[in-house]
Amino acid sequence: MNSLYTATALATGDGRNGRVETSDGLLATDVRTPQEMGGPGGATNPEQLFAAGYAACFHSALRSVAKGSGADVSESEVVADVSIGHHDAGGFGLAVGLEITLPHVERAEAEKLVEQAHQVCPYSNATRGNIDVTLTVA
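The notes below deal with the structure included here. (Residues numbered from 1 in each chain as written. Predicted model: local features only at pLDDT ≥ 70, side-chain atom pairs only at ≥ 80, totals over all residues. Heavy atoms only, no water.)

**Some details on the nonpolar core**
Turning to step 1, where the next piece is worked out: Counting residues in each nonpolar core, the largest one holds 24 residues, and the members touching the most others are F58, L62, V78, L98, I100, L102 and V114.
Turning to step 2, where the next piece is worked out: Breaking this core down by element, the ones donating at least two residues are α1 (46–69), β4 (77–86), β5 (92–101) and α2 (107–120).
Turning to step 3, where the next piece is worked out: The dominant element in this core, judged by the number of residues it contributes, is α1, at nine residues.
Turning to step 4, where the next piece is worked out: Excluding residues that lie within four positions of it along the chain, L98 makes contacts with Y54, F58, V78, V79, A80, V133, T134, L135 and T136. (Core = buried A, V, L, I, M, F, W, Y, C linked by side-chain atoms within 4.5 Å. Buried < 20%, exposed > 50% of the residue type's maximum accessible area, 1.4 Å probe, protein only. Helix = DSSP H or I, 4+ residues; strand = E, 2+ residues; numbered from the N terminus. Contact = heavy atoms within 4.5 Å.)

**Side note on the pattern of salt bridges**
Turning to step 1, where the next piece is worked out: A full pass over the atoms with the stated rule returns four salt bridges.
Turning to step 2, where the next piece is worked out: A salt bridge links R32 to D30, with the nearest nitrogen and oxygen atoms 3.9 Å apart.
Turning to step 3, where the next piece is worked out: For E111, the salt bridge goes to R107, with nearest N and O atoms at 3.2 Å. Here E111 and its partner R107 are both found in helix α2, four residues apart, which amounts to about one turn of the helix.
Turning to step 4, where the next piece is worked out: Overall, the relative accessible area of 47% leaves R107 in the partly exposed class.
Turning to step 5, where the next piece is worked out: Salt bridges sharing common partners tie together R19, D30 and R32. (Salt bridge = Lys/Arg side-chain N within 4 Å of Asp/Glu carboxyl O.)

**Points about the state of the cysteines**
Turning to step 1, where the next piece is worked out: Enumeration over the complete set of coordinates arrives at zero disulfides.
Turning to step 2, where the next piece is worked out: Of all cysteine sulfurs in the structure, the one in C121 sits closest to C57, which takes part in no disulfide; the separation is 3.6 Å.
Turning to step 3, where the next piece is worked out: Residue classification places C57 among the buried residues on the basis of a relative accessible area of 18%.
Turning to step 4, where the next piece is worked out: Classification of C121 by relative accessible area gives buried; the value is 0%. (Disulfide = S-S within 2.5 Å.)

**Some words on the sheet that holds strand β1 (residues 9–14)**
Turning to step 1, where the next piece is worked out: Judged by pairing direction, the sheet is antiparallel, and its three strands sit side by side in the order β1-β2-β3 without closing on themselves. The open sheet is flanked by β1 and β3 (28–30), the only strands paired with a single partner. Recorded for the sheet is a direction-independent mean angle of 15 degrees between the axes of neighbouring strands.
Turning to step 2, where the next piece is worked out: Where β1 and strand β2 (residues 17–22) come together, six bridges link them in antiparallel fashion. Residue pairing for β2: A11 is matched across the bridge by V20. (Pairing = 2+ DSSP bridges. Axes fitted to C-alpha atoms, helices over the stretch in contact; angles between N-to-C directions.)

Below you can see the structure in the form of structure tokens.
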């Protein structure tokens, strides 16, 4: 791979109950285990950060592939749900659900664009074959 950009983040403290900060200082926040997992909550967590990154990246990929088709992707949205749970093989695993809204695109065309975006999105490529990713056109 010919690297175009590298993001660097530092995690300190007690893992899920610590702090994360990017090397440029643009992101600096506490992280906490969610109450649903027995933690204190009250701060963001790795799953929320992953969901935000995947939603933004997929939305960018969607808008990029739509440019070539001439589809009207104004008012488009991508919601990413990232779930964590016990993996059948032991340990923990993730699953992702992406809900894509394309209000000005016919359903068949929207589904085609979503599948094309899924093929070029870096997050989709990184997770393919590793975790379940469900795509839903709203």
